[in-house]
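# Overview (structure and organization)
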Amino acid sequence: FALSPEHPEGRMFQTHAELKDSYDVVIIGAGGHGLAAAYYLARDHGVSNVCVLEKGYIGGGNTGRNTTIIRSNYITPEGVRFYDASVKLWEDLSEDFDLNLFYSKRGHYTLAHTDSDLRTMRWRAEVNKHYGVESELVGPEFIQRELPMMDMSCGGHAPVLGALHHAPGAIARHDAVAWGYGRGADRRGVEIHQKTEVTGISVMSGKVCGVQTSRGFIHTEKVLCAVAGSTPRLLNMVDLQSPIYIHPLQAMVSEPTKPWLNPIIVSGSLHVYISQSARGELVLGASLDPYELHSTRSTLDFTEGLSAHILELFPFLSHVKIVRQWAGIADMTPDFAPIMGKTPVEGFYLDAGWGTWGFKATPVAGKTMAHTVASDSIHPLITEFSLDRFRSYALTGEKGAASVGH
Ligand code: FAD
Ligand code: PYC
């Protein structure tokens, strides 16, 4: 971030010693989603008397812990339209921010190891193409030609029969996304307050009237809750319930190797995915931990299980060392789609249920939530993601497009 006459301090965003007594909008959570909503509220709707409250540091939640896979090869029409709008925003985001997000289009393969996998991949390819998204079912010859280093027999027990190839699949630098939105919001007058926890939300006659924080009370009539794995706790504060359940999701990276893997590879049957970052590290992930837990601890069991399956795909990696591992807390929904929009509490807006799939949605979630909060009317791209769908059993059914069984 270059020093400039308008921003001589040369920092990403300012720190404010005091909270104001009131704001037009309070956003809870300075992950990518909260910061993106703040950015678009200020930039597109002229609403800048906004504060973003973060109990830790910006991007310290799932935004800074995710494996950065960006794709729009979903299975439902509403999912494909929504994530495709996000991919289009991603493509211009570095320029928009004047900050390099290392957005890197790599192509994305979801491997099929069974006939039913193939059927789902074909289904996804057809829905994707119908909505103008580039996805194709490809056969083993195509895959082996593009990935000659992969063992197509997967150790002999799960041979690759085909794959969904999604050319727009990409990765990006996750921290930079939070910094870019944070800096852009700050420059437009939004206040970002780190180390400020929301401990209560005041509601009178069914309407939001303020939030209690670890640094005092703030008056406001609009609250946007974008706290991912902490969503059930925040919903308790306004007496709302959701079917969100929380599981840890772990990931790990290897020591850097010379560039050898351009695309992103996912195998639901082997419960693994892998990509290679701009630094040469292999970024590796697996399924959710199989029990409910509100914790970001990581386990040896995860490293061992994931390594064993990765070696079935790429046996030559057996001497490569793992250098870091970590976990985030995923706010899972029963239909693997988000929960977005208005709620029965007037002035309380929800952006949640991002589980294991929300990083790619950061730009479009920010844009559509900013519209919803500014106009108090639900953006057309998110009508099917309402909290109310669980009451009316109008679920979205996105599980078939989840990454590795999540
Ligand atoms: P977060 O970034 O978690 O931000 C929420 C913030 O709210 C946190 O900073 C938290 O500290 C703050 N907060 C919570 N409670 C309070 C409170 N009371 N007061 C103030 N602040 C509060 N998605 C993809 O699309 N592609 C991937 O490849 C991918 N990989 C993943 C890998 C892992 C290991 C994990 C854990 C997740 C992955 N995801 C992926 C999912 C993705 O990371 C999340 O869905 C997304 O980052 C959610 O962003 P957010 O801004 O909503 O939440
Ligand atoms: O949504 O593509 C995804 C993903 C990959 C790993 C975690 N989520």
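Notes on the structure follow. (Residues numbered from 1 in each chain as written. Chains lettered and ligands numbered in written order. Predicted model: local features only at pLDDT ≥ 70, side-chain atom pairs only at ≥ 80, totals over all residues. Heavy atoms only, no water.)

### Observations regarding the layout of surface pockets
The line we're drawing: A pocket, in this scheme, is an open set of points on a 1 Å grid over the protein atoms alone with protein on both sides within 12 Å along at least 5 of 7 lines, while a cavity is a set where a 1.4 Å probe fits but cannot get out; residues line either one if an atom lies within 4 Å of a point. Grid points are joined across faces, edges and corners, and a volume is the space filled by probe spheres set on the points. What counts as a helix is a DSSP run of H or I of at least four residues, what counts as a strand is a run of E of at least two, and both are numbered from the N terminus. Side-chain classes are defined by residue name, with Ala, Val, Leu, Ile, Met, Phe, Trp, Tyr, Cys and Pro counting as nonpolar, Asp, Glu, Lys and Arg as charged, and the others, Gly among them, as polar.
By volume, the second largest pocket is sized at about 550 Å³. Around the second largest pocket, the lining is made up of 22 residues, and of these R173, H174, S277, R279 and E281 lie nearest the centre. Mapped onto the lining of the second largest pocket, the elements with two or more residues apiece are helix 5 (174–187) and strand 17 (322–332). Taken together, the residues of the lining of the second largest pocket sort by class into 7 nonpolar, 8 polar and 7 charged.

### Quick notes on the pattern of salt bridges
The condition that has to hold: A side-chain nitrogen of Lys or Arg and a carboxyl oxygen of Asp or Glu constitute a salt bridge if their distance falls within 4 Å. Think of it in three bands: residues with accessible area under 20% of the maximum for their type are buried, residues over 50% are exposed, and the middle band is partly exposed, with areas taken using a 1.4 Å probe on protein chains only.
Under the defined criterion, the tally for this structure stands at 13 salt bridges. Of the charged contacts in the structure, one is a salt bridge between E281 and R279, with a shortest N-O distance of 3.5 Å. Linking R324 and E281 is a salt bridge whose minimum nitrogen-to-oxygen distance equals 3.3 Å. Here R324, found in strand 17, pairs with E281, found in the loop between strand 15 (272–276) and strand 16 (282–286); they are 43 residues apart in sequence, far enough to count as distant. We classify R324 as partly exposed; its relative accessible area is 38%. When salt bridges that share partners are traced, they join R43, D44, D96 and K367 into one network.

### Examining the packing of helix 1 (residues 32–45) against helix 8 (residues 362–375)
The test is simple: Axis definition: a line fitted to C-alpha atoms, over the contacting stretch in the case of helices. Angles run 0 to 180 degrees between N-to-C directions. Here is the rule for angles: anything less than 35 degrees is roughly parallel, anything more than 145 is roughly antiparallel, 65 through 115 is roughly perpendicular, and the remaining ranges are oblique. The hand of a helix crossing depends on one turn: near helix anticlockwise from the far one by less than a right angle means left-handed, and clockwise means right-handed. The contact criterion used throughout is that any non-hydrogen atoms of two residues lie within 4.5 Å.
Contact geometry for helix 1 and helix 8: axes closest at 7 Å, N-to-C directions at 55°. The angle between helix 1 and helix 8 places the two elements in the oblique class. For the crossing formed where helix 1 meets helix 8, the hand is right-handed. In this structure, helix 1 uses G32, H33, A36, A37, Y40, L41, R43, D44 and H45 to contact helix 8, whose residues at the interface are T362, P363, A365, G366, K367, A370, H371, V373 and A374.

### Some details on the site of ligand 1
Put simply, the test is: In this text, near means that some heavy atom of the residue lies within 4 Å of the molecule or strand in question. Within 3.5 Å is the distance limit for a polar contact, defined as a pair of N or O atoms, with the added protein rule that one can donate a hydrogen and the other accept it, and that residues adjacent in sequence qualify only through two side-chain atoms.
As a matter of local geometry, ligand 1 sits amid 36 residues, with E54, N62, T63, I69 and K360 nearest to it. Here a nitrogen atom of ligand 1 and a backbone polar atom of K55 are 3.1 Å apart. Broken down by secondary-structure element, the contributors of at least two residues to the shell around ligand 1 are helix 1 and strand 13 (245–254). Top contributing element to the shell around ligand 1 by residue count: strand 13, with 3 residues. Per-class residue counts for the shell around ligand 1 are 14 nonpolar, 17 polar and 5 charged.

### Description of the packing of helix 1 against helix 5
Two numbers describe how helix 1 lies on helix 5: the axes approach to 8 Å, and their chain directions differ by 30°. For the element pair helix 1 / helix 5, the angle class is roughly parallel. As for how helix 1 packs across helix 5, the hand of that crossing is left-handed. Facing helix 1, whose interface residues are G32, L35, A36, A38, Y39 and Y40, helix 5 presents A178, Y181, G182, G184 and A185. Here the contact of helix 1 with helix 5 is built from residues that sort into 8 nonpolar, 3 polar and no charged.

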